[in-house]
Amino acid sequence: MAAAVDLYEYQGKQLFARAGIPVSEGRVAETPAEARTAAEELGGQVVVKAQVLVGGRGKAGGIKLADSPDEAEAYASDILGMDIRGHVVRRLWLERASEIAKEYYLSITFDRGEKKPLFMLTTQGGVDIEEVAAESPEALAKLHVDPLVGFQPWQARWLCFTAAIEDVGEQKQVAAIVENLYGAFVDFDAMLCEVNPLIVTPEGEVKALDSKFTVDDNALYRHPEVGEMRDVEAADPQERLAREKDVTYVKLDGEVGILGNGAGLVMSTLDVIDQVGGRPANFCDLGGGGDAEGVVAALEVITTDPQVKAILFNIFGGITRCDEVARGILEALERMTIEHPIVVRLDGTNAEEGRRLLAEASPANLHVEETMLSAAERVVELSR
Ligand code: GDP
Ligand code: MN
């Protein structure tokens, strides 16, 4: 299932720096005392910034300029623990404060309609980009990059020209940042890289003051360093376990634990559970992992959720063979003790053989149903 990893500002800025995009020097702090030390090390005026995965931190009071280590410490204790639109602040980023002459906006994202990356650049930065798009669309320079041709240097010049950046020194710096941002977007398999604001200092220096960086999590195997950046503490305990065991799992609110093979099948299983008046406890896709290892891993994740009252296996055998999954289930039940009632529906390749294996072994808590609907009805009944 496609999902995304959102990085904190300071993590995105680390990736920016690696891609050659100018950012300010800074430090992470998790306590007021650490913030004081960070301010001492950085020297001069610093900006204390809440690290949460939501925008609009400035307006919410999560960003403060501090003139001394004392002030940095005081702001840190104000901001830590603050709730910013449902996100509790547990970490701060302190960086050397910048003087701002102008605030621009630069981003690259996927335009799914065009199937191409899309750049947006405007000199009206600092505010919501939706506002600029709605109120002064002519000020927003937009340009697609053909991924097969790749980024072309003229495209950066075109963006600067169209956004009406007139200063030659600024043009050069912005063009280099545009090119490097494209590099970061491609190299890290990003879905979004946004710099708002991209500032110009009174001395004419251009740099990224904020960062929003989202990576496609299907590509994480290529970027272990990004995987480590993902906030594991904030995640749900089952989701964390699932990640460790390499199981595709999303926690939901109900009582029926669900295992299927293929995201589409699992989605429709959720619908059918809902249709017969039950509530799914999770989304769990075995994918091709119908062997005992895969089934044990998935069952371990699902049964650690105390809300789960009954479990439904919904398997459609294509490449995955139903007899293999049946053997996987039986072996899993031998290896681990599961008290929950389990309903199994097998259909497709070798379904009969699979059902025969289950009927032969017939563990006490295992119920076999022929159709998806009857299986859903049975498991919802058993979850009550
Ligand atoms: P957001 O509100 O979550 O988008 O956080 P930003 O990092 O974009 O910061 C919001 C605003 O705080 C910026 O638009 C700036 O006006 C201000 N700000 C952030 N860093 C600095 C800084 O180093 N110096 C100054 N003067 N203002 C800053
Ligand atoms: Mn911002």
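Residues numbered from 1 in each chain as written. Chains lettered and ligands numbered in written order. Predicted model: local features only at pLDDT ≥ 70, side-chain atom pairs only at ≥ 80, totals over all residues. Heavy atoms only, no water.

A.B. asks: Looking at this model, I keep getting lost on the pairing of strand β19 (residues 366-369). Mind explaining?
C.D. replies: The side chains of a regular strand alternate, residue by residue, between the two faces of the sheet. Strand direction decides the pairing type here: strand β18 (residues 342-348) and β19, joined by four bridges, are parallel. Within β19, the residue paired with I342 across the bridge is L366. Each parallel crossover has a hand, and the one from β18 via helix α12 (residues 351-361) to β19 is right-handed. (Pairing = 2+ DSSP bridges. Helix = DSSP H or I, 4+ residues; strand = E, 2+ residues; numbered from the N terminus. Right-handed = clockwise from strand over helix to strand, strands pointing away.)

A.B. asks: Honestly, unusual backbone geometry in this entry has me stumped. Any pointers?
C.D. replies: What is expected of a backbone is that most residues other than glycine have negative phi and most peptide bonds are trans. The residue after N196, namely P197, is reached through a cis peptide bond having omega 10°. Note that P197 resides in strand β11 (residues 190-200). Positive phi outside glycine occurs at A164, with the angle close to 60°. Mapping A164 onto the fold places it in the loop between α5 (153-162) and α6 (168-187). Residues other than glycine seldom take positive phi values, yet D189 does so here, at roughly 50°. By secondary structure assignment, the location of D189 is in the loop between α6 and β11.

A.B. asks: Would you mind going over the domain arrangement of the chain with me for this structure?
C.D. replies: Often the size quoted for an interface is simply the accessible area lost on bringing the parts together. Here the chain is described as being made up of domain 1 (25-96), domain 2 (100-227) and domain 3 (237-383). The gap between the C-alpha centroids of domain 1 and domain 3 is 46 Å. (Domains from an automatic or database assignment.)

A.B. asks: Please clarify how the packing of aromatic side chains should be interpreted in this entry.
C.D. replies: The geometry of an aromatic ring pair is captured by two quantities: the separation of the ring centres and the angle between the planes. In total, this model carries eight aromatic pairs according to the counting rule given. A centroid spacing of 6.2 Å and a plane angle of 10° characterise the contact between Y8 and Y10, whose relative ring orientation is stacked. Accessibility assignment for this pair places Y8 and Y10 in one class, buried. Where F16 meets F213, the ring centres are 5.9 Å apart and the plane angle is 50°; that geometry is what we call tilted. Here F16 is found in helix α1 (residues 9-18), whereas its partner F213 is found in strand β13 (residues 212-216), with 197 residues between them in sequence. Residue class for F213 comes out buried when judged on its relative accessible area of 1%. Taken together through their ring pairs, the aromatic side chains of Y8, Y10 and W93 make up a single cluster. (Phe/Tyr/Trp six-rings, centres within 6.5 Å; stacked < 30°, edge-to-face > 60°. Buried < 20%, exposed > 50% of the residue type's maximum accessible area, 1.4 Å probe, protein only.)

A.B. asks: Explanation requested: the coordination of the manganese ion (ligand 2) in the structure shown.
C.D. replies: Each donor-metal-donor angle in an ideal tetrahedron of four donors is 109.5 degrees, and each such angle in an ideal octahedron of six donors is either 90 or 180 degrees. Protein coordination of the manganese ion (ligand 2) is provided by N196 (O) and D210 (OD), with donor distances spanning 2.1 to 2.2 Å. Taken together, the positions of N196 in strand β11 and D210 in the loop between β12 (206-208) and β13 put the pair 14 residues apart, joining distant regions of the chain. No difference in accessibility class separates N196 from D210, as the two residues are buried. (Donors = N, O, S within 2.8 Å, 3.2 Å for Na, K, Ca; no water.)

A.B. asks: Would you explain the packing of helix α8 (residues 237-245) against helix α10 (residues 292-303) in this entry?
C.D. replies: Packed helices, taken two at a time, are described by their axes: the angle between them and the distance between them. Where α8 contacts α10, the axes come no closer than 9 Å and their chain directions differ by 170°. The orientation of α8 relative to α10 falls into the category roughly antiparallel. Remark: the crossing between α8 and α10 carries right-handed chirality. Residue-level inspection shows Q238, L241, A242 and K245 of α8 in contact with α10, the latter providing A297, E300 and V301. Across the contact of α8 with α10, the residue classes break down as four nonpolar, one polar and two charged. (Axes fitted to C-alpha atoms, helices over the stretch in contact; angles between N-to-C directions. Parallel < 35°, antiparallel > 145°, perpendicular 65-115°, else oblique. Left-handed = near helix turned anticlockwise from the far one by under 90°. Contact = heavy atoms within 4.5 Å. Nonpolar A, V, L, I, M, F, W, Y, C, P; charged D, E, K, R; others polar.)

A.B. asks: I tried to follow the nonpolar core on my own but got confused; where do I start?
C.D. replies: In globular proteins that are soluble, nonpolar side chains generally tend to be buried together. Membership of the largest hydrophobic core comes to 40 residues, with the highest contact counts inside it found for F119, L181 and F213. Ranked by residue count, the leading element in this core is α6, at eight residues. Those residues in contact with L181 that lie beyond four places of it in its chain are F16, I21, L106, S107, I108, F119, C193 and V195. (Core = buried A, V, L, I, M, F, W, Y, C linked by side-chain atoms within 4.5 Å.)

A.B. asks: What is the right way to read the site of ligand 1 from this model?
C.D. replies: Taken together, 16 residues are adjacent to ligand 1, and K49, R57, G58, S98 and E103 come closest. R57 places a side-chain nitrogen or oxygen 2.8 Å from an oxygen atom of ligand 1. When the free accessible area of ligand 1 is taken as 560 Å², the share hidden by the protein chains comes to 79%. The cavity where ligand 1 resides is the second largest pocket. For the shell around ligand 1, the residue count by class is seven nonpolar, five polar and four charged. Mapped onto the domain boundaries, the shell around ligand 1 takes at least three residues apiece from domain 1 (25-96) and domain 2 (100-227). (Near = heavy atom within 4 Å. Polar contact = N/O pair within 3.5 Å; in protein donor to acceptor, adjacent residues only side chain to side chain. Areas by Shrake-Rupley, 256 points an atom, 1.4 Å probe, with all protein chains shown as cover. 1 Å grid on protein atoms, 1.4 Å probe; cavity = no way out; pocket = protein on both sides within 12 Å on 5 of 7 lines; lining within 4 Å. Sits in = over half its atoms within 2 Å of the grid points.)

A.B. asks: Teacher, can you tell me more about the packing of helix α9 (residues 263-275) against helix α13 (residues 372-382) here?
C.D. replies: At a closest axis distance of 9 Å, the pairing of α9 and α13 adopts a crossing angle of 60°. By the angle class used here, α9 and α13 are oblique. Viewed along their axes, α9 and α13 form a crossing whose handedness is right-handed. Between α9 and α13, the residues in contact are L265, S268, T269, V272, I273 and Q275 and M372, L373, A376, V379 and V380, respectively. Tallied by class, the residues present in the contact of α9 with α13 amount to eight nonpolar, three polar and no charged.

A.B. asks: Would you explain the sheet that holds strand β3 (residues 46-50) in this entry?
C.D. replies: If you walk across this open sheet you meet the four strands as β2-β7-β3-β4, and the pairing is antiparallel. Both edges of this open sheet fall to β2 (26-29) and β4 (63-66), since each of them pairs with a single strand only. Recorded for the sheet is a direction-independent mean angle of 20° between the axes of neighbouring strands. Here four bridges tie β3 to β4, and the two strands are oriented antiparallel to one another. Bridge pairing in β4 places K49 opposite I63. Contacts between α1 and the sheet are confined to β2, β3 and β7 (92-96), with β7 contributing the most and set at about 50° to the helix.

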